[in-house]
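Understanding the architecture of this molecule
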Amino acid sequence: MELMLGESKYMLIGVAVAALALLVLVKKKGAAADVGIAVGEAAADLAGGVVGGVALGIGDQIGIPRTNMTECEKALAEGRTWDASFACPAGKFIGSFF
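Residues numbered from 1 in each chain as written. Predicted model: local features only at pLDDT ≥ 70, side-chain atom pairs only at ≥ 80, totals over all residues. Heavy atoms only, no water.

1. Description of the overall build of the chain
The criterion, for reference: Helix numbers and strand numbers start at the N terminus; a helix is a DSSP run of H or I with at least 4 residues, a strand a run of E with at least 2. Note on areas: these come from Shrake-Rupley sampling with a 1.4 Å probe, and a residue is covered only by the protein chains present in the view.
On a plain count of helices and strands, the chain comes out with five helices and zero strands. Taken from N to C terminus, the helices and strands of the chain fall in the order α-α-α-α-α. Taken as a whole, the chain presents about 8,200 Å² of accessible surface, with 71% of it coming from carbon and sulfur.

Here it is as structure tokens:
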């Protein structure tokens with residue numbers, strides 16, 4: 001199917017703008033290295049978060065208390081609803097009922 005003259009003109013302009021943007025990005029000193037570093041950091045953060053989450057989940061299941069609980073979390077864990085109403089943000093406090 002052939003493109004109409006107007007459509008092909010806009011397509012060529014879009015390709016030219018994309019090529020120019022790519023050229024500027026590549027010419028920028030260290031752009032590729034920055035992208036690589038950002039991707040590597042994101043992967044490391046994800047892996048650390050998964051391992052940490054698994055460890056906390058196992059500890060919660062077998063009854064080991066967390067050592068870095070906030071005052072809100074302590075009050076909720078101990079069943080002190082009145083104290084939790086003052087220590088917790090509204091969303092967390094209301095969410096504790098469900």
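Picking up after the structure, the text goes on.
2. Digging into the state of the cysteines
Condition: Two cysteine sulfurs form a disulfide in these notes if their separation is within 2.5 Å. Exposure categories follow from relative accessible area, calculated using a 1.4 Å probe and restricted to protein chains: below 20% of the type maximum is buried, above 50% is exposed, and the middle band is partly exposed.
Across all of its chains, the model carries one disulfide by this definition. The side chain of Cys72 participates in a disulfide bridge whose partner is Cys88; the two sulfur atoms lie 1.9 Å from each other. As the torsion about the S-S bond is roughly 100°, the Cys72-Cys88 disulfide counts as right-handed. Of this pair, Cys72 sits in helix H3 (residues 71-78) while Cys88 sits in the loop between helix H4 (81-87) and helix H5 (90-95), and the two are 16 residues apart along the sequence. According to the relative accessible area criterion, Cys72 is buried, its value standing at 5%. Its relative accessible area of 8% is what places Cys88 among the buried residues.

3. Observations concerning the pattern of salt bridges
Note the following rule: Put simply, a salt bridge is a Lys or Arg side-chain nitrogen that is within 4 Å of an Asp or Glu carboxyl oxygen.
Taken as a whole, this structure holds four salt bridges when the rule is applied. Residues Arg80 and Glu78 are paired through a salt bridge, measuring 2.7 Å at the closest nitrogen-oxygen approach. Residue classification places Arg80 among the partly exposed residues on the basis of a relative accessible area of 27%. The structure contains a network of salt bridges with shared partners spanning Glu71, Glu78, Arg80 and Asp83.

4. Describing the packing of aromatic side chains
To be explicit about the condition: Stacked, edge-to-face and tilted are the three classes for Phe, Tyr and Trp ring pairs, Trp counted by its six-membered ring, which pair at centre distances within 6.5 Å; planes under 30 degrees apart are stacked, over 60 edge-to-face, the rest tilted.
If you walk through the whole model with that rule in mind, you get two aromatic pairs. For the pair Trp82 and Phe86, a centre-to-centre distance of 5.2 Å together with 80° between the ring planes defines the contact as edge-to-face. Here Trp82 pairs with Phe86, and both are found in helix H4, just four residues apart, close to one helical turn. In this pair, the class of Trp82 matches that of Phe86, namely exposed. Geometrically, the ring pair formed by Phe93 and Phe97 is edge-to-face, given 5.1 Å between the ring centres and 80° between the ring planes. Take Phe97: its relative accessible area is 53%, and that puts it in the exposed class.

All we've got here are geometric facts, nothing functional implied.
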